[in-house]
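What the coordinates show
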Amino acid sequence: MECNQTTGQFDTRVLDALGGYMAIASVLGMIGNALVVAAWITHRKLRAPSNAFLINLAISDFSMLCTSGMLTSVALLMHCWPFSYVVCQFCGFFAYTTGLASLATHFFIAASRCELIVHKSKVLAICSPVKVIPAIWVFALFWSTCPLIGWSGYARNQLTCEIEWDKPTPAYLAYIVCIFILVFVGPFMGMIICYILIVLEVVKSKRTVHGTLRQSKIIKPGDIRLVKMMLMMAIAFMTCWVPYAVVSFMKAFNLRDDSHMYYLANVLPPVFAKSSALANFIIYIMTNKNFRAALYNMFRGQCAESRPGLDFSSSTIPAGTPLSLSIEIQRRRIDLNQDGQDPTAGAAM
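No experiment lies behind these values; they were computed from the predicted model shown.

Parameters at a glance
- Residues numbered from 1 in each chain as written.
- Predicted model: local features only at pLDDT ≥ 70, side-chain atom pairs only at ≥ 80, totals over all residues.
- Heavy atoms only, no water.
- Phe/Tyr/Trp six-rings, centres within 6.5 Å; stacked < 30°, edge-to-face > 60°.
- Buried < 20%, exposed > 50% of the residue type's maximum accessible area, 1.4 Å probe, protein only.
- Axes fitted to C-alpha atoms, helices over the stretch in contact; angles between N-to-C directions.
- Helix = DSSP H or I, 4+ residues; strand = E, 2+ residues; numbered from the N terminus.
- Parallel < 35°, antiparallel > 145°, perpendicular 65-115°, else oblique.
- Contact = heavy atoms within 4.5 Å.
- Nonpolar A, V, L, I, M, F, W, Y, C, P; charged D, E, K, R; others polar.
- Pairing = 2+ DSSP bridges.
- Expected span 1.5 Å × (residues − 1).
- Arc of directions from axis to C-beta.

The tally for this structure, following the rule as stated, stands at 15 aromatic pairs. Here Trp81 and Phe83 contribute two aromatic rings whose centre-to-centre distance is 5.2 Å and whose plane-to-plane angle is 75°, an arrangement assigned as edge-to-face. Residue classification places Trp81 among the buried positions, given a relative accessible area of 0%. Judged by centre distance (5.0 Å) and plane angle (70°), the rings of Phe107 and Phe108 are edge-to-face. Of the residues examined, Phe107 reaches a relative accessible area of 25% and is grouped as partly exposed.

As structure tokens, then:
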């Protein structure tokens, strides 16, 4: 391996710190997102349709970290890009594909919650995961493949490989305008609108809960907690990716200077954008007790469906069950009822 591009304008201590951070975030994020998928596979109660989007998000986050995240951390620690042109193209393509898939998934998570809560749909008809998830990957692959076939391109940018933002040709600028409107601004605005509608519906429900409103119109506490978790994920994602989008826009239209801070801004936004993949797992752990319980059982070598004595959705407790276990079953049953979830349909993450 050769380092053909040095970074003398950077303090090597800063690069070492960023490289160490990126390596730790990548490893922890890969483990965490793998655990999310494993919990979904091994625990039937987590396989609700709404969770399919969360699993798709975990898969795209894992894929980004194990490829682009690890390669970027190596480049930062070596203070140069040590890989070949082909690896650079692969890194840029994979990071862009998975990033677009994550962004589109966040949008459809918000849209699916809006469909269920605002429009009072019993099932996901418009945002059906079976239809939407393949469309998400087709959408991501279309825009990430265009640079490989000549519409824009991938190139080294200091210590990362990404879209060639600053090539001043009409075709490249047309591509950048299209992705900013259709890929970044469109989904971000869609998420904001969906969550505003959801918040307004929640406020309306709380104001009328003591009135004559029918029970079917009242938003359940479990739905509200789920929306809070997904909103936290969306905010974390936007916080990590908006700086990268802003810096890229500045480069595309030459809105920059030659200061040291500008060069540092070329490195920081891609690093923190990739590390957003770790944030989702942290939010799962912090906000979802069903997921925490699934992880606990998984580490103990137990699956919920393989233990009939711990069927929290059952109306009866098997004879001979120890008193402490009976109390635990009753407590979990109460938790599920308070969440407003149908235990037989699967617990939403």
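Right, let's get into the packing of helix α1 (residues 12-42) against helix α8 (residues 289-299). The interhelical angle for the contact between α1 and α8, taken along N-to-C directions, is 85°, at an axis separation of 10 Å. When the axis of α1 is compared with that of α8, the two are roughly perpendicular. Between α1, through Leu35, Val36, Ala38, Ala39 and Thr42, and α8, the contact on the second element is made entirely by Phe291, Ala294, Leu295, Met298 and Phe299. For the contact of α1 with α8, the residue count by class is 9 nonpolar, 1 polar and no charged.

Further remarks concern the pairing of strand β1 (residues 154-157). With 4 bridges joining them, β1 and strand β2 (residues 160-163) adopt antiparallel strand pairing. Within β2, the position partnered with Asn157 by the bridge is Thr160. Joining the antiparallel neighbours β1 and β2 is a turn of 2 residues, in which Gln158 adopts a positive phi near 60°.

With 17 residues, helix α4 (residues 129-145) extends 24 Å from end C-alpha to end C-alpha; this agrees with the ideal 24 Å at 1.5 Å per step. By the burial criterion, the buried members of α4 are Pro129, Val132, Ile133, Ile136, Ala140, Trp143 and Ser144. Down the axis of α4, the buried set is contained in an arc of 105°. They therefore lie on one face. Across α4 from its buried face, at more than 90 degrees, point the exposed residues Val130, Lys131 and Val138.

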